[in-house]
Amino acid sequence: VCEHDSTHIETEDHTWDDGIVSIDGTKSVTLYTCIDCKATKEVVNEKKIYKLVSGADGTWTKGNTSPLPFTFKSTVDNSETFDHFSGVKVDGKSVPEKDASGNTNWIAKRGSDGSVIIELQPAYLETLSVGKHKLTASFDDGNDVTAEFP
């Protein structure tokens, strides 16, 4: 019998929830709870943690000729953030730097501190429907970071 719930037999596999992630400096910790017996387990992820530092809830209106910028940094050794940036998704779909016609969809720039600044270009933004969208920046040595924008 499980020490957390007498109706749960210890030989049964736990049914873990999606977990709650907390960030502690250089690592993230996910705390999972068993749906049946409420037992918990922690999983430590030692990968770098990236975060959005500007551009959250950025706004852009059709017809605007300015790009929509987002800036991402690492919580550890930010000087390498740009070097580990690996791509962009919008609404879960990979977005190439240039479209099939050669138009630029986004530009990635190195910030003076090593951060990565992603600028979604007006021509690409014009192709999106009106409403909320999610930009995801991917990094080859850490977590993906998502930002919503209208």
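Residues numbered from 1 in each chain as written. Predicted model: local features only at pLDDT ≥ 70, side-chain atom pairs only at ≥ 80, totals over all residues. Heavy atoms only, no water.

Q: So what exactly am I meant to see when it comes to the pairing of strand E10 (residues 133-139) here?
A: Regular strands show a simple pattern: their side chains alternate between the two faces of the sheet. Of all 7 residues in E10, 6 are buried; the element is thus mostly enclosed. The sheet contact formed by E10 and strand E11 (residues 145-149) spans 5 bridges and is antiparallel. If you follow His133 over to E11, its bridge partner there is Phe149. With antiparallel pairing between neighbouring strands as the criterion, E10 and E11 make up a hairpin whose turn holds 5 residues. (Buried < 20%, exposed > 50% of the residue type's maximum accessible area, 1.4 Å probe, protein only. Helix = DSSP H or I, 4+ residues; strand = E, 2+ residues; numbered from the N terminus. Pairing = 2+ DSSP bridges.)

Q: Where do I start with the sheet that holds strand E9 (residues 116-120) in this structure?
A: Strand pairing in a sheet relies on backbone hydrogen bonds, with the paired strands running either antiparallel or parallel. Across the sheet, 4 strands lie side by side as E4-E5-E9-E8; this open sheet has antiparallel pairing. Edge positions in the sheet fall to strand E4 (50-54) and strand E8 (106-110), since each of these pairs with one other strand and no more. The average undirected angle you get between the axes of adjacent strands in this sheet is 30 degrees. Note: E8 against E9, 5 bridges, orientation antiparallel. Residue pairing across strands places Arg110 opposite Val116, the latter belonging to E9. (Axes fitted to C-alpha atoms, helices over the stretch in contact; angles between N-to-C directions.)

Q: Would you mind showing me how to read the sheet that holds E10 here?
A: Taking strand neighbours across the sheet as the criterion, the 4 strands line up as E7-E6-E10-E11 in an open arrangement whose pairing is antiparallel. Each edge of the open sheet carries a strand with a single partner, namely strand E7 (93-95) and E11. Between one strand axis and the next, the sheet turns through 35 degrees on average, direction left out of account.

Q: Just checking my understanding: could you explain the packing of aromatic side chains for this structure?
A: Two measures describe an aromatic ring pair: the distance that separates the ring centres and the angle between the ring planes. Under the criterion given, the structure shown has 5 aromatic pairs. Through pairs of rings, three or more aromatic residues link up here, namely Tyr50, Phe72, Phe85, Trp106 and Phe139. Stacked on the ring of Tyr32, the Lys or Arg Lys41 has its end atom at 5.6 Å from the ring centre. (Phe/Tyr/Trp six-rings, centres within 6.5 Å; stacked < 30°, edge-to-face > 60°. Lys NZ or Arg CZ within 6 Å of the ring centre and 35° of its normal.)

Q: How do you make sense of the side chain of Thr136 when you look at a structure like this?
A: Of note, Thr136 is situated in strand E10. The buried category is assigned to Thr136, whose relative accessible area is 13%. A polar contact of 3.2 Å, which involves the side chain of Thr136, links it to the side chain of Thr146. Every residue in contact with Thr136, bar those within four places of it in the chain, is listed here: Gly87, Val88, Lys89, Asp144, Val145 and Thr146. (Polar contact = N/O pair within 3.5 Å; in protein donor to acceptor, adjacent residues only side chain to side chain. Contact = heavy atoms within 4.5 Å.)

Q: Could you clarify how one ought to interpret the nonpolar core in this entry?
A: Note on soluble globular proteins: their nonpolar side chains tend to be buried together. Ranked by internal contacts, the top residues of the largest apolar core, which has 22 residues, are Phe72, Ile118, Leu120 and Phe149. Among the secondary structure elements, those contributing two or more residues to this core are strand E5 (68-74), strand E6 (85-90), E9, helix H2 (122-125), E10 and E11. When sequence neighbours within four positions are dropped, the list of residues in contact with Phe149 reads Gly58, Leu68, Phe70, Val90, Leu120, Leu125, Leu128, Gly131, Lys132, His133, Lys134 and Leu135. (Core = buried A, V, L, I, M, F, W, Y, C linked by side-chain atoms within 4.5 Å.)

Q: What's the story with unusual backbone geometry in this structure? I'm lost.
A: Across residues other than glycine, the phi torsion is negative in most instances, and most of the peptide bonds are trans. Phi angles above zero are rare outside glycine, and Lys38 is one such case at about 70 degrees. As for its placement among the helices and strands, Lys38 is situated in the loop between strand E2 (27-33) and strand E3 (40-45). Although it is not a glycine, Asp91 sits at a positive phi angle of roughly 55 degrees. Mapped onto the fold, Asp91 is located in the loop between E6 and E7.

Q: Hey, could you run me through the environment of Arg110 in this one?
A: Turning to its location among the elements, Arg110 is positioned in strand E8. A C-alpha to C-alpha distance of 9.4 Å links Arg110 and Ser79, two positions 31 residues apart in sequence. Setting aside anything within four residues of it in sequence, one finds Arg110 in contact with Ser79, Phe82, Asp83 and Ser115. At 3.5 Å, the side chain of Arg110 and the backbone oxygen of Ser79 are in polar contact. Polar contacts involving the side chain of Arg110 include one to the side chain of Asp83, which spans 2.5 Å.

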